[in-house]
Each structure stands twice: as C-alpha cells, then as structure tokens.
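If you want the building blocks of each chain, they are given just below.
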Amino acid sequence: MSKIFDYFQQITQIPHCSHDALKLRDFLVSFAKERGYDVQVDVVHNILISKGKPKLALQAHYDMVCVGNAPKIETYIQEDWMMAKNSTLGADNGMAIAMMMALMDESKVCEFVITSDEEVGLIGASALSFDLQAQNLLNLDSEDEAEVYIGCAGGVDIEATKKYATSLSKEDCYEITISGLPGGHSGVEIHKEIPNAIKLFGEYLKDKKVKIASIQGGERVNSIPVNLTAIVCSEIPLVSAEYIDVKKVQGLHEVVDGDEIISLIENFSHGVLSFNDHLNVPGESINLAIISFQNALLKVQTSARAMDSEGLQKVEQQFCDYFTSYDYTVKCEGKYPAWKPEVNAFSKEVEKAMISVFGKSEFKAIHAGLECAIISEKYPKLKLTSIGPNIRSPHSTHEKVELASVEKIYEVVKKVVACYEI
C-alpha cells in the first residue's frame, strides 16, 4: 500500500464531519508547517498551503458527509475497493487530501487550497478570498477515472414549512419505520432510481385515511433518504409491507389529518426532471431530502440542481410554486452557480496527462456541485479542471473507492504538477 493510503487511514481516524472538522484542520496545518510550507487559515476555516512561486493550485475539501457510524470509521478492503463498515468512508474528498499530503512530502511547489464545509452548501468556497498566485487550478473532487471534468451543475436548497392545527388521537396508533435503504448522492446518483424513504412512506399511505403524530425522515439535504420513522393513527389496522416495518404503539398523541401531507409527498416529482443529451447527464433534478413533523410544524427540505442558470431558475420557481400551492412558507438558500463547460489550454494539458496514464480520456460535465463553479466566479482569470479516482455511492454507507484508480490518478496529478513546477 502506498503512502497515500497510509495518510488516508490517518484522516479517517480524525473526526471531520461537516461543521465539525476543526481537528482535521489543525492536523493539516501542522502537517504542512512541519514540511516547510507557508499556511494561511481564514475565518471559515479554509486552508491555503503554499511554497515558492506556484503556477498551479490543487484544490479539495476536507469535510465529509457522515452517515451511519461516522465519524467512527472502520475501513476494510474487498477486491481492490476500500469501504467502511456501516458508515460513509470519506473518500469524498479525503483521498484527495491524502494525495496532497504525499505531494507535500515531496516538497512540491504548489498552492494547496483546502476548503471547509463543501458538503453542506459549498460554504468554504463561497467565502474564499486568498490571494492566489497560480493561474491554473486542478480540483480533485470528481469520481470517475480517465475523465476530465470541465463543467458542473448549479444548485439551490428549497425549504418549505407549515404549521398545522392538531387534535388528540382516538384511533389506534402505529410506528412506521423505513431503514437501511441504499442511499446515495443526490446529484450523481439521482438518475439511478434509488428508493427514497420519504417517497416510500407516501406511497404506503396514499390510499389510507390516517392521522399523523410525527415524522422524521432523511439524513442530509444532498443525500437520497435512507431512513424514516413516523407515528400515525388509523381506524383500520396497518401492517408491514416491503421496506415498511409497522408496530402498534400505546398512548395518546397530538395528530393532524394526514391527507394533505401524504398528497404533498406523493405528488412531489423527486428525481430527474430533464436529461441533457449533449452532456449525457441529467439536465435538471430535485431530491426530496428531509421531512420532519414535530410540535405541529411540518418542514420539508429539498435540493434542486441544473446544468445551467436558466434551468436552475426554472426548477427553483417550479418547486417554490408547488409548495406555495399547499400554502407552505418557502425559502431558498445555499444557491451556487453552474460551471459552464469550457475546453482550454489547461484542461488539454490535464487530458494529455490522463491519456498518458490511462491510454484514454474524455471531457465531461457532472450533475453535482463542484467548488470550481464558485471559484471560477471569484477568480475569473483562473483556468479550472477537475479529476478524481473511481468513487461509488458517496454520501452513503455503500461508499467505496478503487485503490488502483487512486494510484493511477495520483500519477496523473504528479504529471500535471511537473508541467507547472518551477
């Protein structure tokens, strides 16, 4: 096993969930300083590590989506793929950080731009204000080898809330549990028809007259929901079904008529809304991500994506109107731009390095947010490209990374660094 995997293993043992990654920040700062690099940290905990007069910047984020047992991560290897037992692995984007650490061991002349809280709305990139010297930036957050990414989707989180009048239940009440679904990334895997716990809940109850006491479903706004738990009351017995575990519960509950809430879920168009044949990716999509009903307040959180600004505006308006039609209060936040695809001299240099290692390469765009979109707006003279190793099912307990792919992508990175090193 190479030094990259040793460093990645170290990273997995340092908690770095989004909003709670300061221990890893401090570790990386110390690591870089010990190797003679200059280090800056800004107010949102972005890190800039540099040496000499770099012409190239490498960029990655150091937070991870924590699902399952994470941040407790126990890795194992199966058929050349690294995974974690009952948790996200954090190869997104920890493997990129490990590559950067290996390059620092070799004292490479680069700027290492390591951003915070990417997984919860590109927070670090949005506040980035370092005075970068490099003219080219290679993002290491893509997830398919032998592909050079030159564009990405923009996105926005849409949240809807409504207060309901409740009454005391008189019917029998049941706990409904949905758990252990595959989950997945709400962008790059939205087209895979992965079961959504919230949609399954709506489907199960759509023909039943129930009253709802509580709901808690979904984990992260950028993940397809894995779990849901609810208490509902019904005049007719409820029984378990596929994906659905039902058991009777005792006690009185404050409830609301379930018709409107079930209609809201059932009629929500979760998934791919249009497909971009030119880029061979979804053009527009939306993820029904989180739902909660507690203390008479129903809250729904969704994430919308589109490959261009016009499409994003259309989807945002469509679902704001959808929630408004149910008399919900709607707010939109965390909006980030699409990165318009462009082949330039830098992306061609990266493609050349990719071909030298893999024997092939292809320019691609991704239906997910990359920090390149925001960075390109903040640094308009900077040329950007994104690459990465094979990572499957990020943001889920099935996340895995192919070890041989990591080794090869690292070879590509080293070739690109050598092109721009003084």
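Our structure is the block above this text.
Residues numbered from 1 in each chain as written. Predicted model: local features only at pLDDT ≥ 70, side-chain atom pairs only at ≥ 80, totals over all residues. Heavy atoms only, no water.

Chemist: Lay out the overall build of the protein with the relevant residues and their values.
Modeler: Within the protein one finds 10 helices and 23 strands. With respect to the principal axes defined by its C-alpha atoms, the protein has extents near 75 × 45 × 40 Å. Residue burial in the protein is summarised as follows: out of 422 residues, 58% are buried. Nonlocal contacts in the protein, meaning residues at least 24 apart in sequence, comprise 78% of its contacts between residues at least 6 apart. (Helix = DSSP H or I, 4+ residues; strand = E, 2+ residues; numbered from the N terminus. Buried < 20%, exposed > 50% of the residue type's maximum accessible area, 1.4 Å probe, protein only. Contact = heavy atoms within 4.5 Å.)

Chemist: Provide a residue-level description of the pairing of strand β17 (residues 281-294), including the pertinent values.
Modeler: As a general feature of sheets, a regular strand has side chains that alternate between the two faces. Among the 14 residues of β17, 13 are classified as buried, and the element is accordingly described as predominantly covered. Across three bridges, strand β12 (residues 210-217) lies against β17 in antiparallel orientation. The residue bridging Gly217 from the neighbouring strand is Ile291, located in β17. One ladder, built from five bridges, connects strand β16 (residues 271-276) with β17; its direction is antiparallel. Paired with Asn276 across the strands is Val281, a residue of β17. Linking two consecutive strands that pair antiparallel, namely β16 and β17, is a turn of four residues; a positive phi of about 60° is found at Asn280 within it. Bridge count between β17 and strand β18 (residues 297-306): 10 bridges; the pairing is antiparallel. Considered in β18, the bridge of Ser292 is made with Lys299. (Pairing = 2+ DSSP bridges.)

Chemist: Give a detailed account of helix α6 (residues 259-266), specifying residues and quantitative values.
Modeler: The set of residues buried in α6 consists of Ile261, Ile262, Leu264 and Ile265. All buried residues of α6 lie within an arc of 155° about the axis, which places them on one face of the element. (Arc of directions from axis to C-beta.)

Chemist: I'd like to hear about the pattern of salt bridges, residue by residue, with values.
Modeler: Taken as a whole and judged by the stated rule, the model has 19 salt bridges. Three or more residues joined by partner-sharing salt bridges are found here, namely Lys3, Glu34, Arg35 and Asp105. (Salt bridge = Lys/Arg side-chain N within 4 Å of Asp/Glu carboxyl O.)

Chemist: Any chance you could break down the packing of helix α5 (residues 197-205) against α6 for me, citing the residues and the numbers?
Modeler: Two measures define how a pair of helices packs: the angle their axes make with one another and the distance between the axes. Running from N to C, α5 and α6 point in directions that differ by 125°, and their axes come no closer than 8 Å. Judged by the angle between their axes, α5 and α6 are oblique. Every pair of crossing elements has a handedness; the one defined by α5 and α6 is left-handed. Facing α5, whose interface residues are Ile198, Lys199, Phe201, Gly202, Glu203 and Leu205, α6 presents Ile262, Ile265 and Glu266. Among the residues forming the contact of α5 with α6, the class breakdown is five nonpolar, one polar and three charged. (Axes fitted to C-alpha atoms, helices over the stretch in contact; angles between N-to-C directions. Parallel < 35°, antiparallel > 145°, perpendicular 65-115°, else oblique. Left-handed = near helix turned anticlockwise from the far one by under 90°. Nonpolar A, V, L, I, M, F, W, Y, C, P; charged D, E, K, R; others polar.)

Chemist: How would you explain the side chain of Thr115 if you had to name every residue and give the values?
Modeler: Structurally, Thr115 is set in strand β6 (residues 111-115). Within the local environment of Thr115, its side chain forms a polar contact with the side chain of Gln59, the two groups lying 3.2 Å apart. One polar contact links Thr115 to Glu371, side chain to side chain, over a distance of 2.5 Å. Beyond its immediate chain neighbours, meaning those up to four positions away, Thr115 contacts Asn46, Gln59, Ala60, His61, Tyr62, Asp63, Gly124, Ala125, Leu128 and Glu371. (Polar contact = N/O pair within 3.5 Å; in protein donor to acceptor, adjacent residues only side chain to side chain.)

Chemist: Lay out the environment of Leu128 in plain terms, naming residues and giving numbers.
Modeler: Inspection of the secondary structure assignment puts Leu128 in the loop between α4 (123-126) and β7 (136-139). We classify Leu128 as buried; its relative accessible area is 4%. Beyond its immediate stretch of four places on either side in the chain, Leu128 contacts Asn46, Val113, Thr115, Ile375, Lys378 and Tyr379.

Chemist: Describe the side chain of Glu159, naming the residues involved and giving the relevant values.
Modeler: Turning to its location among the elements, Glu159 is positioned in strand β9 (residues 154-163). Look at Glu159 and you get buried, because its relative accessible area is 12%. Apart from the residues within four sequence positions on either side, Glu159 is in contact with Lys299, Val300, Gln301, Thr329, Val330, Lys331 and Glu333.

Chemist: Tell me what's going on with the packing of aromatic side chains, and back it up with residues and numbers.
Modeler: For the structure shown, the criterion picks out 13 aromatic pairs. Here Phe268 and Tyr322 contribute two aromatic rings whose centre-to-centre distance is 5.9 Å and whose plane-to-plane angle is 80°, an arrangement assigned as edge-to-face. Of this pair, Phe268 sits in the loop between α6 and β16 while Tyr322 sits in helix α7 (residues 309-324); the two residues are 54 residues apart in sequence, bridging distant segments of the chain. Exposure remark for Phe268: the relative accessible area of 3% places this residue in the buried category. Tyr322 sits in the buried class, given a relative accessible area of 17%. Considering the side-chain rings of Tyr322 and Phe323, the 5.6 Å spacing of their centres and the 70° angle between planes classify their relative orientation as edge-to-face. When its relative accessible area of 0% is taken as the criterion, Phe323 is described as buried. Three or more aromatic residues joined by ring pairs form one cluster here, namely Tyr164, Phe268, Phe293, Phe319, Tyr322, Phe323, Tyr326 and Tyr328. Positioned above the aromatic ring of Tyr204 is the side chain of Lys208, whose terminal nitrogen or guanidinium carbon lies 4.2 Å from the ring centre. (Phe/Tyr/Trp six-rings, centres within 6.5 Å; stacked < 30°, edge-to-face > 60°. Lys NZ or Arg CZ within 6 Å of the ring centre and 35° of its normal.)

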